[in-house]
Amino acid sequence: MGKDKKKEEAVFLRKKITLLRAFSLLIGSMVGSGIFISPKGVLKNSGTVGFSLVVWFACGLLSMFGALCYAELGTRITKSGGHYIYILETLGPLPSFLFLWAEFFAIRPANSAVVSLAFGRYLLEPFFAPCAAPVPAVKLVSLLGYYAVLTLNSWSVSWSARLQTALSIVKLLALMLIIVPGMMLLAQGHTENFQDAFDKQSLVPDKLPLAFYAGMFAYSGWFQTSFVREELVRPERNIPLAVIVSVITVIVGYMLTNVSYYTALGTQDVLASPAVAVSFVQRACRSLISVVPVLVALSCFGTMNGGILTFSRTLFVASREGQWPPLFSMIHIRRHTPLPAVMLMFPLVTTMVCIGDIYHLMNFFSFSRWLFIGLATLGLIVHRCRHPELQSPFQVPLFIPVSFTIICLFTVAMSFYSDPVNISIGCTMVLSGFPVYYLVIHRQMSNRCRSLLYYVTQKLQLLLEVVQQEIKTY
């Protein structure tokens, strides 16, 4: 009886994410704002319809390579934390801290701001059509949506996971409402927008890295299960199965969606549209004009939910590893959610939504994201060499992590030429973590600073009603 009571009262992150929820988390994270805003960025930087479709397929294939690498990492390294914990375990504390620094100050808030802005734009679009929605109104609605998801993730892991499952169905429905009318138009012989699809004169090779950034942004989310590794039921089986099925599903859906876009819209129509899905519906199926924007907005809402659910785990694990203040490794005593880690993103995302622009923010954070994802898969190669005796239940051919790592790092290097301003800002953000690491992490804090940190942590712990996670021994 006493043992059962102790088990009931223990405070830790429960294993509540089943295969279905893992699949929903991946679908819900990948299918969001990207497929509804990235077509413009891919087309602008690839030059023609044909080359843009090639970029979309290549991004899907690259995402599958990355997902397979992360599936193996997830079976080799049993901790949550995603990119951070993989870099820490394979390449060491300095690269992992630099990732954490860039993720907190650049990657995650900028990514969340992009998705939030897409949510606000699509939700308001039906009310202001055919005019564009006012920017202040878009930003206000974007912030309200983000705050709602923030509150939900602070309240319950189960409810946020259930919402993710429901919104995954909504996302697929939104895609189907674009794919079906598009395929019907294509079957009727509307192929005029595919003429000269591979006109080489329109191709601008030095802009291709930005096209890949836009495409990979749409697919980003294939790594989300790695952030919640410790909360997955049967992770050795469910991680590989969930990533393979979900990525294939999204590749097929994205290719059909883009073909549908180009069947109804010409190149100039896509480039001029602030909301491609709305322009498509206005041209192809006006009866859905009030339905599709709402479904797209809900898709973005699901992506925000998945992003908060997983990023809070990164800060949680980093605190446990001693590279982030200890408060952020604590869990709410009743809700069993990492409340401090969830709330930390509030001020940064608010700032970026207020001052940011979707496409500039996308280029800004993509540099850092793909640099560290490339380093994580490089870490898989290093881990294999260091631990040849370790038999992983899931293992990919060596050429997959090698190819993925080379492509990621090459794209990152080329992007300096494509967009030097935003990429330089992102690089500076990463490098600024060096002095912080050596002053705060590498060197031991003085007793006075340690006492002050302990005092502040205690006060905030009482205010937020959080405690340190207990080690589960049963």
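The numbers attached to residues start from 1 for each chain and follow its sequence in the written order. Since the coordinates come from a predicted model, pLDDT governs what is reported: local features require at least 70, and pairs of side-chain atoms require 80 or more to be given and counted, while whole-chain, interface and lining totals use all residues. Hydrogens and water molecules were not included; the side-chain quantities draw on all heavy atoms of the structure.

A. Main features of the overall build of the chain. Every helix listed is a DSSP run of H or I at least four residues long, and every strand listed is a run of E at least two residues long, numbered separately from the N terminus. Within the chain one finds 20 helices and two strands. Principal-axis analysis of the C-alpha atoms gives the chain an extent of 70 × 45 × 40 Å. Among the 474 residues that make up the chain, the fraction classed as buried is 58%. It only takes one pair of heavy atoms within 4.5 Å for two residues to be counted as in contact. Residue pairs in contact within the chain that sit at least 24 positions apart in sequence constitute 84% of those at least 6 positions apart. With residues, only the protein chains shown are counted as cover, and all accessible areas are computed by Shrake-Rupley using a 1.4 Å probe. In the form shown here, the chain has an accessible surface area of approximately 19,500 Å², with 68% of it arising from carbon and sulfur atoms. Partly exposed residues are those whose accessible area sits between 20% and 50% of the maximum for their type, while under 20% is buried and over 50% is exposed, using a 1.4 Å probe and protein chains only.

B. Structural context of the nonpolar core. The definition of a nonpolar core used throughout is a set of buried Ala, Val, Leu, Ile, Met, Phe, Trp, Tyr and Cys residues joined through side-chain atoms within 4.5 Å. Judged by nonpolar contacts, the single largest core of 148 residues is most densely connected at F36, Y122, W222, W370 and F372. For this core, the element with the highest residue contribution is helix 6 (residues 93–128), accounting for 19 residues. Not counting residues within four places of it along the chain, the set of residues in contact with Y122 comprises F36, I37, A275, V276, A277, V278, P293, V296 and A297.

C. Layout of empty space enclosed by the protein. Cavities and pockets were defined on a 1 Å grid built from protein atoms only: a cavity is a group of points that admits a 1.4 Å probe but offers it no way out, a pocket is an open group of points flanked by protein on both sides within 12 Å along at least five of seven lines, and a lining residue is one with an atom within 4 Å of any such point. Grid points are joined across faces, edges and corners, and a volume is the space filled by probe spheres set on the points. This structure, assessed with the given rule, holds three cavities of 30 Å³ or more. When its volume is computed, the largest cavity comes out at roughly 180 Å³. Polar here means any residue outside two lists: the nonpolar Ala, Val, Leu, Ile, Met, Phe, Trp, Tyr, Cys and Pro, and the charged Asp, Glu, Lys and Arg; Gly therefore counts as polar. Looking at side-chain class alone, the lining of the largest cavity contains eight nonpolar, eleven polar and two charged residues. Its boundaries defined by the atoms lining it, the second largest cavity holds a volume of some 50 Å³. As for the second largest cavity, its lining consists of L62, F212, Y213, M216, W370, I407, C408 and T411. Listed by contribution, the elements that provide at least two residues to the lining of the second largest cavity are helix 9 (208–219) and helix 17 (399–418). Partitioning the lining of the second largest cavity into residue classes produces seven nonpolar, one polar and no charged.

D. Geometry of the state of the cysteines. Two cysteine sulfur atoms make up a disulfide if the distance between them is within 2.5 Å. Counting across every chain of the model gives zero disulfides. With no disulfide partner, C69 has as its closest neighbouring cysteine sulfur the one in C408, 9.0 Å distant. The class for C69 is buried, based on a relative accessible area of 0%. C69 supplies the cysteine sulfur nearest to C385, a cysteine that is in no disulfide, at a spacing of 14 Å.

E. Expanded view of the packing of helix 9 against helix 17. For helices, the fitted line uses only the C-alpha atoms of the stretch in contact; every axis is such a line through C-alpha atoms, and the angle between N-to-C directions lies from 0 to 180 degrees. Between helix 9 and helix 17, the shortest axis-to-axis distance is 8 Å and the interhelical angle comes to 120°. If you check the angle between helix 9 and helix 17, you find them oblique. Here helix 9 and helix 17 pass one another in a crossing that is left-handed. For the pair helix 9 and helix 17, the contacting residues are P209, L210, F212 and Y213 in the first and T411, V412, M414, S415 and S418 in the second. For the contact of helix 9 with helix 17, the residue count by class is six nonpolar, three polar and no charged. Just so you know how the angles are binned, under 35 degrees is roughly parallel, over 145 roughly antiparallel, 65 to 115 roughly perpendicular, and the rest oblique. If you view the pair so one helix is near and one far, a crossing is left-handed when the near helix is turned anticlockwise from the far one by less than a right angle, and right-handed when it is turned clockwise.

F. Structural view of the packing of aromatic side chains. Under the pairing criterion, centres of Phe, Tyr and Trp rings, with the six-membered ring standing for Trp, must be within 6.5 Å; the plane angle then separates stacked pairs below 30 degrees from edge-to-face pairs above 60, leaving the rest tilted. For the coordinates displayed, the defined rule picks out 25 aromatic pairs. Between F217 and F365, the aromatic rings sit 5.9 Å apart at their centres with planes inclined by 65°, giving edge-to-face as the arrangement. With a gap of 148 residues between them, F217 in helix 9 and F365 in helix 16 (residues 358–386) connect regions that are remote in the sequence. Each member of the pair, F217 as well as F365, is classed as buried.

G. Spatial organisation of the environment of I441. For I441, the position within the fold is in helix 19 (residues 433–442). For the pair I441 and Y213, spaced 228 residues apart in sequence, the C-alpha separation works out to 32 Å. Here I441 is in contact with F97, G322, Q323 and V436, once residues within four sequence places are set aside.

H. Geometry of the confidence of the model for the chain. As a per-residue quantity, pLDDT reports the predictor's confidence and falls between 0 and 100. Chain-level pLDDT for the chain is 82 on average; 94% of the residues reach the 70-or-more range. Mean pLDDT in the chain bottoms out at helix 1 (residues 2–9), which sits at 45, and peaks at helix 4 (residues 49–76), which reaches 91.

I. Broad picture of the environment of L62. With respect to the secondary-structure elements, L62 resides in helix 4. Among the residues examined, L62 registers a relative accessible area of 8% and is labelled buried. Sequence-wise, L62 and S154 are 92 residues apart; in three dimensions their C-alpha atoms are separated by 34 Å. Once residues lying within four places of it in the same chain are set aside, the contact partners of L62 are M216, F404 and I407.

J. Spatial organisation of the pattern of salt bridges. Note on definitions: salt bridges are taken to be side-chain nitrogens of Lys or Arg within 4 Å of carboxyl oxygens of Asp or Glu. Counted according to the given criterion, the structure contains six salt bridges. For R76, the salt bridge identified is with E72, shortest N-O distance 2.8 Å. Of this pair, R76 and E72 both sit in helix 4, four residues apart, which is roughly one turn of that helix. For the pair R76 and E72, one class covers both residues: buried. Put simply, E103 and R108 hold a salt bridge, and the shortest N to O gap is 3.2 Å. The class of E103 is buried, set by a relative accessible area of 2%.

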